[in-house]
Amino acid sequence: MQTFLRTIEFLGLGLWLGSDVFLSLVVAPGAFRILASRDSAGAMVGYGLWWMHMIGVVCGIAILLARLVRTRTFASLATPAALCVVLMITLTAVSQHAVSPKMAALRVQMGSIQATAADSPLRVEFGKLHRISVSLESGVLLAGLAAMYLMVKELGAGS
């Protein structure tokens, strides 16, 4: 049972990190290269981002639950690896529920980001939110890499 629960922890983190890397390095650049308009590409990436966020939160909860069941102590949720996962969930929730809705509202107001002047206040605000979104996703990725390192380290220490 211990091995199964550890597998859930690593699988959840691997799926989350893999989806983040895949969206960032394959889907987003590909959408902007292949689709006819930047607006369509942005919509495609936004759709993928929503799913990645949902998958990430589910994986994060599964990681923490598996850890809790495996260790049978709430103290295991205060370890550095678990705290990295909590940080990942928090950053993802902020991105999904605070940043993404504002970006979506600006998209609607502009009608077309591509056709909106670069110095438009709406476009400037959208750019600012996009940078925040990228920073949040980068934070998720870095926290995930740290969590993976710490989980492997725990495995070597026998905890």
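Refer to the structure printed above.
All of the points below concern the structure found in this document.

What counts, and at which threshold
- Residues numbered from 1 in each chain as written.
- Predicted model: local features only at pLDDT ≥ 70, side-chain atom pairs only at ≥ 80, totals over all residues.
- Heavy atoms only, no water.
- Salt bridge = Lys/Arg side-chain N within 4 Å of Asp/Glu carboxyl O.
- Helix = DSSP H or I, 4+ residues; strand = E, 2+ residues; numbered from the N terminus.
- Buried < 20%, exposed > 50% of the residue type's maximum accessible area, 1.4 Å probe, protein only.
- Patch = residues over 30% accessible without salt bridge, like charges linked within 9 Å, V, L, I, M, F, W, Y side chains within 5 Å.
- Areas by Shrake-Rupley, 256 points an atom, 1.4 Å probe, with all protein chains shown as cover.
- Expected span 1.5 Å × (residues − 1).
- Bend = angle between axes of the 7 residues up to and from the residue.
- Axes fitted to C-alpha atoms, helices over the stretch in contact; angles between N-to-C directions.
- Parallel < 35°, antiparallel > 145°, perpendicular 65-115°, else oblique.
- Left-handed = near helix turned anticlockwise from the far one by under 90°.
- Nonpolar A, V, L, I, M, F, W, Y, C, P; charged D, E, K, R; others polar.
- Core = buried A, V, L, I, M, F, W, Y, C linked by side-chain atoms within 4.5 Å.
- Contact = heavy atoms within 4.5 Å.
- 1 Å grid on protein atoms, 1.4 Å probe; cavity = no way out; pocket = protein on both sides within 12 Å on 5 of 7 lines; lining within 4 Å.
- Points joined across faces, edges and corners; volume = space filled by probe spheres on them.

Let us now look at the pattern of salt bridges. Counted by the stated rule, this structure contains 3 salt bridges. Arg 67 serves as the salt-bridge partner of Glu 9, at 3.4 Å between the closest nitrogen and oxygen. Within this pair, whereas Glu 9 is found in helix α1 (residues 2-34), its partner Arg 67 is found in helix α2 (residues 38-71), the two being separated by 58 residues in sequence. As far as burial versus exposure is concerned, Glu 9 and Arg 67 are alike and both buried. Notably, a salt bridge pairs Glu 154 with Arg 67, separated by 2.8 Å at the nearest N-O pair. Placement of the pair is Glu 154 in helix α4 (residues 121-157) and Arg 67 in helix α2, with a sequence separation of 87 residues. Judged by relative accessible area, which is 13%, Glu 154 ranks as buried.

This part covers a nonpolar patch on the surface. Residues Ile 34, Leu 35, Met 44, Tyr 47, Trp 50, Trp 51 and Ile 55 make up a contiguous nonpolar surface patch of about 730 Å² in total accessible area. A total of 5 residues in the nonpolar patch trace back to one element, the largest contributor, which is α2. Within the secondary structure, Leu 35 sits in the loop between α1 and α2. Of the residues examined, Leu 35 reaches a relative accessible area of 35% and is grouped as partly exposed.

The terminal C-alpha atoms of α1 lie 45 Å apart, and with 33 residues this matches the ideal 48 Å at 1.5 Å per residue to within 8%. Taken as a whole, α1 carries its principal kink of about 40° at Leu 23.

Any two packed helices are characterised by the angle at which their axes cross and by the distance between the axes. Running from amino to carboxyl end, helix α3 (residues 80-110) crosses α4 at an angle of 165°, the nearest separation of the two axes being 9 Å. Considering their axes alone, α3 and α4 lie roughly antiparallel with respect to each other. For the pair α3 and α4, the crossing hand works out as left-handed. Of the residues contributing to the contact of α3 with α4, the split by class is 23 nonpolar, 7 polar and 6 charged.

Quick look at the nonpolar core now. Counting residues in hydrophobic clusters, the biggest one holds 25 residues, and the most contacted among them are Leu 13, Trp 16, Val 85, Met 88 and Phe 126. Listing elements by their share of this core, those giving two or more residues are α1, α2, α3 and α4. Counting residues per element, this core draws most heavily on α3, at 11 residues. Not counting chain neighbours up to four residues away, the residues in contact with Met 88 comprise Leu 13, Trp 16, Val 140, Ala 143 and Gly 144.

On to the layout of surface pockets. Size it by volume and the largest pocket reaches roughly 910 Å³. What lines the largest pocket is a set of 32 residues, among which Phe 32, Val 45, Met 103, His 130 and Val 134 lie closest to the centre. Contributing elements (two or more residues each) for the lining of the largest pocket: α1, α2, α3 and α4. The biggest single contributor to the lining of the largest pocket is α4, with 9 residues. Here the lining of the largest pocket is composed, by residue class, of 16 nonpolar, 10 polar and 6 charged.

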